[in-house]
Amino acid sequence: MMVPIPAGVFTMGTDKPAIQQDGEWPPRKVHINHFFMDRYEVSNGEFAKFVNATGYLTEAERFGDSFVFEGMLSEQVKAGIHQAVADAPWWLPVKGANWRHPDGPDSDISERMDHPVLHVSWNDAVAFCSWAGKRLPTEAEWEYSCRGGLENRLFPWGNKLHPSGQHYANIWQGEFPISNTGEDGYKGTAPVTAFPPNGYGLYNIVGNAWEWTSDWWNVRHSAVETSNPKGPSTGTDRVKKGGSYMCHKRHKHANPLISFFCHWGCPPLHATLMHPLITHS
């Protein structure tokens, strides 16, 4: 299911970046055209429909491995691993980890069909969106829709992380990476329908799983006002947004916990009437 995102102008970026090297500055005025955005992150169930229809193999399946947070691995799997990411030792390379087996080869998604699909590369996300007749959002479209119509707020719902004591996103509680208390109800991913939506009706636009955008990553931005920017023409990595359930106020690290939303440009009237609901969400 998709939701309409109205055209508008917003301030992209910030003059107070929490992590300088992320390149989220300077703030600049950006005009965005009307478009449609998936209401939910793409779930395992929706991705399975794509795979069943096309026979698609993800890059993790073809490569034979992916990285998994050590806290999600069984002791049996961990016992056979003797490597880790140098600057993030909680990430372990796991043979047989992929979207079907997100926590290692002895895990499955049978009870997580409504959770976001994980271990999907940018190419995998593009393939799914193309099959669904959509595309990935640009970084500007993602940030504009994430804000939900609000300006100058820390979160899509306001300035308080837990307004009235309520959890609005699936993030890490406790001491990272040792203990996640799961105060928000989840120690891993949550269903794509969990938590209140933002002002545009988008769920889990922050937390739960990182999300791909179409832009090449760049840390140098102009403060000049722009319309519908698409990022640089080349690069070495794509922009990932939103954070995951592993994000903590002292820790934010992009990782294999990456899912995605799809975007659909403003359709002609006949397309709207023919396709009032596009269920690849």
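Our structure is the block above this text.
Cut-offs applied
- Residues numbered from 1 in each chain as written.
- Predicted model: local features only at pLDDT ≥ 70, side-chain atom pairs only at ≥ 80, totals over all residues.
- Heavy atoms only, no water.
- Helix = DSSP H or I, 4+ residues; strand = E, 2+ residues; numbered from the N terminus.
- Axes fitted to C-alpha atoms, helices over the stretch in contact; angles between N-to-C directions.
- Parallel < 35°, antiparallel > 145°, perpendicular 65-115°, else oblique.
- Contact = heavy atoms within 4.5 Å.
- Nonpolar A, V, L, I, M, F, W, Y, C, P; charged D, E, K, R; others polar.
- Core = buried A, V, L, I, M, F, W, Y, C linked by side-chain atoms within 4.5 Å.
- Buried < 20%, exposed > 50% of the residue type's maximum accessible area, 1.4 Å probe, protein only.
- Pairing = 2+ DSSP bridges.
- Salt bridge = Lys/Arg side-chain N within 4 Å of Asp/Glu carboxyl O.

A. Expanded view of unusual backbone geometry. Going from Trp 25 to Pro 26, the amide bond is cis rather than trans, its omega being 0°. Relative to the assigned elements, Pro 26 resides in the loop between strand S2 (8–12) and strand S3 (28–32). Looking along the chain, the bond that leaves Phe 176 and enters Pro 177 is cis, with omega of 0°. Its place among the elements puts Pro 177 in the loop between strand S7 (174–175) and strand S8 (179–180). Positive phi, close to 60°, is recorded for His 119, a residue that is not glycine. Structurally, the position occupied by His 119 is in the loop between strand S6 (91–95) and helix H4 (122–131). Residue Asn 152 is not a glycine yet carries a positive backbone phi of 55°.

B. The arrangement of the packing of helix H1 (residues 44–54) against H4 in detail. Closest axis-to-axis distance for the H1/H4 pair is 11 Å, and the angle between their directions is 80°. In terms of orientation, H1 and H4 fall into the roughly perpendicular class. Contacts between H1 and H4 involve Glu 46, Phe 47, Lys 49, Phe 50, Ala 53 and Thr 54 on the former and, on the latter, Asp 124, Ala 127, Phe 128 and Trp 131. Of the residues in the contact of H1 with H4, the class split is six nonpolar, one polar and three charged.

C. Seen up close, the nonpolar core. Among the nonpolar cores identified, the biggest contains 18 residues, and Ile 5, Ile 32, Met 37, Tyr 144, Leu 202 and Ile 205 are the most heavily contacted of them. Secondary structure elements with two or more residues in this core: strand S1 (2–5), S2, S3, strand S4 (35–38) and helix H5 (139–147). With four residues, the top contributor of residues to this core is H5.

D. Representation of the sheet that holds S2. What the three strands build is an open sheet, ordered S2-S3-S10; its pairing is mixed. In the strand order of this sheet, the two ends are held by S2 and strand S10 (226–227), each with one partner. With respect to the sheet, H5 is in contact with S2 and S3, its orientation differing from that of S2 by roughly 100°.

E. Here's a closer look at the pattern of salt bridges. Following the criterion strictly, the structure yields 12 salt bridges and no others. A salt bridge links Lys 241 to Glu 139, with the nearest nitrogen and oxygen atoms 3.2 Å apart. Placement of the pair is Lys 241 in strand S11 (residues 238–241) and Glu 139 in helix H5, with a sequence separation of 102 residues. By relative accessible area, which is 6% here, Lys 241 ends up buried. The class of Glu 139 is buried, set by a relative accessible area of 9%. Between Glu 143 and Lys 241 there is a salt bridge whose closest N-O contact spans 3.7 Å. One end of the pair, Glu 143, is in helix H5; the other, Lys 241, is in strand S11, with 98 residues separating them in the sequence. Of the two residues, Glu 143 and Lys 241, neither departs from the other in class, the shared state being buried.

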